[in-house]
Amino acid sequence: MATQELPSRAKIVVIGGGVGGTSVAYHLAQLGEKDVILLERSDLTSGSTFHSAGLVGQLRADPTLTKMNMYSVELYRKLQQSDTPPSWRECGSIKIASSKERMEEIRRQIGWAKTFGLDLQEISTQQAKELFPLMDTTDVVGGCYMASDGQVDPSQLTQAMAAGARKGGVKIFTHTRVLAINTDRNRIKSVSTDKGEIECEIVVNCGGMFAAEIGRLAKVRVPIIPMSHQYLITENFLPDDAKFLPSLRDPDNLIYFRQEVKGLVMGGYERNSKPFTASSTSYDQIPADFNSKLLPEEWDRFEEIATNAAKRVPKMSEIGLKNFINGPEGFTPDNEFCLGETSVGGFYVAAGFCAHGIAGAGGIGKVVAEWIVGGEPSMDLWHMDIKRFSEAYNSPKFTLARVTENYEAYYDIHYPGEERQSAREENKSPIYQWHKDNGAVFGEKAAWERVNYYLNPNEKLDESLKPNGWVGKNWHPAVSLEHFATRESAGLFDESSFSKIKITGKKSGEFLNYVCANNVVKGVGRTTYTQALNKKGGIESDYTVTQVADDEFLIITGTAFLNHDKGWLEKVAREGNFEEVEITDITKQLACFGIWGPNARKILQKVTNADLSNQAFGFMHSKIIELGGVNLRATRITYVGELGWELYVPADDALKVWLLILEAGNEFNLRPCGYRAIESLRLEKGYRAWAGEINSETNPFEAGLGFAVAMKKDNFVGKQAVERLKDNLNRKLSALTFDDIKDVAMGNEPIFVNNSVVGRVKSAGQGYTIKKAIAYAYLPADIAKVGTKVEVEMFGTKKTATIEAEPLFDPQSERIKS
Ligand SMILES: Cc1cc2nc3c(=O)[nH]c(=O)nc-3n(C[C@H](O)[C@H](O)[C@H](O)COP(=O)(O)OP(=O)(O)OC[C@H]3O[C@@H](n4cnc5c(N)ncnc54)[C@H](O)[C@@H]3O)c2cc1C
């Protein structure tokens, strides 16, 4: 807009005029934000948006993302009625299964679509053929159809949202390039552009594949890599009177189609992917003039897709091509968006849309605008939160390897317990080699190698508990042996990857009692389980806090949550004027070993002179003890429902301590155990897992965690909200059991009472001691009664489950306190 002069001040600056930036600006305006500027270095829709294929599918593997995409459709329908219609066409979509396992996956998706009220229907091969007559259905097993999916013109959509944003007061400046992002005490201060500086409070990085480059201006790592993505457009060949075709996805063959005028668009995800400009030794360096440009055609990489397409739609080998598009797009290391406030206060990102940004844009704009205005996410956005990426993603090599693996596996079926193959061995326990030498099978979490379970070649393994169907694909019988060893004698667990955060400073106690819902200042040597709530009373984090000294505390939280939980602590400190409190990550300084089981005390007592008796060392107490000449912190706590301790050992002494305990445990058959056993043990005991049963959308009272909220405290974040919520609960987290231990759910399955959907499974697994399969779900308060029978649909079949009293194991906690 040449006629406008660039203001020197604005509250919010959005960078990027693609579908992402215009949607964020549109929704900010909808929320009443009047002082918003959008800056685009070239023309609107000159980034990835202009060369998009424009398919809009709603059902995704993540419930939140599905809700966001459903909102996108709602918005595009509405915009279609405006005076800037985006050519939204609700043509429906088909997904076909070219394998038995894919059909099972489709049935599972149909199940959980019911929990959203999505109109996803199973269709026969014949029905698929009727809907898309060009298809050869030779090896098609079946499929599903969603009438409300569609397609949109990405450029027109961007212009429509830009028009809506302008109407709401947003000022849009094209040909204005952001050159620097300036901060003051880790908060946004201004942006410098080639047309002048703008002082501002909030910057939103909607840079698409350029988002990593924009992030670097504020010293923030945004792990997005531009990947080349290709599709072709055929000449017109469909008869004028032909019915408009639904989109068609055939993931087993890596391909998708949609109708374009009277021809077809056909694209897919190549198995031999290619990054654009990024390499394993350098971050992306996209040319400064890369706008409204495409990459050269790469037929050799597209060959497999073209061959598959001609097999599925034989007409493809007969008709001519009008256009071949090779355009780069920003991909993240896990194919999910990269959203939210970064480690710099007021610096948000909404980018990395992984070739589903047109489908996602409406929802993305909405949730990010709400996040900005509300200061916290309005939904559980953990799977899309930039803070899910650990420090490992600072490495271009690590990031590229992960992005490549996930791009190429975009259309694959993802089985439970699946592990990533690329970019492994980044972070290791100090005793990693011992695990490796002793039969450990490793999994990966947040770039840490962790023991899933150990293989012992001399042990007889029993496959009889293997879950039904493909849930059992990555299951291993060793896990139940580790489970029983812990329940019957003792297990030794290496939890060194736990995130460890030190809080120091005179006001550290006051600060923590403000962030945490529980009272965590109980005196030196006391450990407290707590949640940190958001303003709506949702659980932002949960962890344990140990008071180490008058003004020093140790927070222990999950491996994957370091950036998220530390980020939340920093945010509350920043906004609550607790800036003198120091928040330090000390994860790698300490190993952490858990020893749990009825014989844990006897074993540990053999190697320390410290008095470990119940009287001298009570539950939720923490002390420095000496073990084999090593001073270490022992905390009496458990995540498996057994007597025991967590030991925080200086990393250099870790092996010595581990071996000493193992030796002491010999006579008790102490067994080294892995994370899979922990999962089974904790499910039986009903210990909640953040991002499992609890998250920012669930409150402590409905989650059965009200005991950890100190309502008597004067004030803490979220107190007013939980005061309102606690006596008005309309749902409750419930434990369900299945009599057949092999009926294992995977999550998101619909739960029925009298054929009506009443909830969806949050988490599930096997309880070896109670000999049942377990699932947790939020159910309406009037249904969540002990003894009630419900039905859970797994792969199209309804299985009966019973709501049980919690916890399912050791309800009096006698074992923990013994
Ligand atoms: C070939 C292909 C096919 C696709 N098909 C589909 C599909 O069928 N369905 C679907 O849902 N998605 C699809 N996508 C994905 C979708 O197009 C993208 O996710 C989406 O367009 C990304 O939008 P964006 O706003 O994040 O990025 P962009 O459109 O790239 O916008 C980012 C903007 O930031 C600007 N910018 C960068 N640096 C600066 C700076 N320093 N100052 C100011 N401005 C700056 C850039 O100029 C650019 O305009 C496809 C993508 C490709 C490549």
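Coordinates for the structure precede this section.
These remarks concern the structure in this document.

Rules used in this analysis
In this numbering scheme, every chain counts its residues from 1 along its sequence in written order. Selection of residues for local features in this predicted model requires a pLDDT of at least 70, selection of side-chain atom pairs for listing and counting requires 80 or more, and totals for whole chains, interfaces and linings are taken over all residues. Water and hydrogen atoms play no part in the side-chain values, which are based on all heavy atoms of the structure. Grid points spaced at 1 Å over the protein atoms alone were grouped into cavities, where a 1.4 Å probe fits but cannot get out, and pockets, open sets with protein on both sides within 12 Å along at least five of seven lines, with lining residues defined by an atom within 4 Å of a point. Grid points are joined across faces, edges and corners, and a volume is the space filled by probe spheres set on the points. Numbering of helices and strands starts at the N terminus; helices are DSSP runs of H or I of at least 4 residues and strands are runs of E of at least 2. For this classification, Asp, Glu, Lys and Arg are treated as charged, while Ala, Val, Leu, Ile, Met, Phe, Trp, Tyr, Cys and Pro are nonpolar and the rest, including Gly, are polar. Strands are labelled as partners when DSSP assigns at least two bridges between them. Axis lines are fitted through C-alpha atoms, for helices just across the contact stretch, and the angle between N-to-C directions can take any value from 0 to 180 degrees. For this analysis, residues touch if any pair of their heavy atoms sits within 4.5 Å. Residue proximity to a molecule or strand is established when one non-hydrogen atom of the residue lies within 4 Å of it. Whenever a nitrogen or oxygen atom comes within 3.5 Å of another N or O atom, the pair is scored as a polar contact, on the condition that within protein one atom can donate a hydrogen and the other can accept it, and that pairs from neighbouring residues in sequence are kept only if both atoms are in side chains. For accessible areas, the Shrake-Rupley method is used with a probe of radius 1.4 Å. Any residue's cover is judged against the shown protein chains and nothing else.

Counted according to the given criterion, the structure contains six cavities of 30 Å³ or more. The volume enclosed by the largest cavity comes to roughly 120 Å³. Around the largest cavity, the lining residues are Glu 341, Trp 371, Gly 375, Glu 376, Pro 377, Asp 385, Lys 387, Glu 540, His 564, Gly 567, Trp 568 and Lys 571. Ranked by the residues each element gives to the lining of the largest cavity, the list is headed by helix H13 (residues 562-575), at four residues. A per-class count over the lining of the largest cavity returns three nonpolar, three polar and six charged. Taken as a whole, the second largest cavity spans an internal volume of roughly 80 Å³. Forming the walls of the second largest cavity are 13 residues, and the residues nearest its centre are Ser 429, Glu 449, Arg 450, Val 451 and Asp 494.

Before going further, it helps to spend a moment on the sheet that holds strand E5 (residues 120-123). Taken together, eight strands build an open sheet; the order of strands is E5-E6-E4-E14-E15-E16-E13-E17 and the sheet is mixed. Looking at which strands have only one partner, the edges of the open sheet turn out to be E5 and strand E17 (321-331). Sheet twist, expressed as the average angle between the axes of neighbouring strands with direction ignored, equals 20°. Judged from the ten bridges that link them, strand E13 (residues 225-234) and E17 form a sheet pairing that is antiparallel. By the bridge assignment, Ile 225 is partnered in E17 with Phe 331. Contacts from helix H3 (residues 100-113) reach strand E4 (93-97), E5 and strand E6 (142-146), with the element oriented near 140° to E4.

Let's shift gears to the site of the ligand. Surrounding the ligand, one finds 38 residues, the nearest of these being Glu 40, Ser 48, Thr 49, Glu 329 and Ala 359. The separation between a nitrogen atom of the ligand and a polar main-chain atom of Ala 53 is 3.0 Å. In the model, a nitrogen atom of the ligand is placed 3.0 Å from a nitrogen or oxygen of the Val 178 main chain. Here the ligand has 1,000 Å² of accessible area as a free molecule, and 98% of this is covered by the chains. Of all the secondary structure elements, the ones that give two or more residues to the shell around the ligand are helix H1 (19-30), E13, E17 and helix H8 (357-374).

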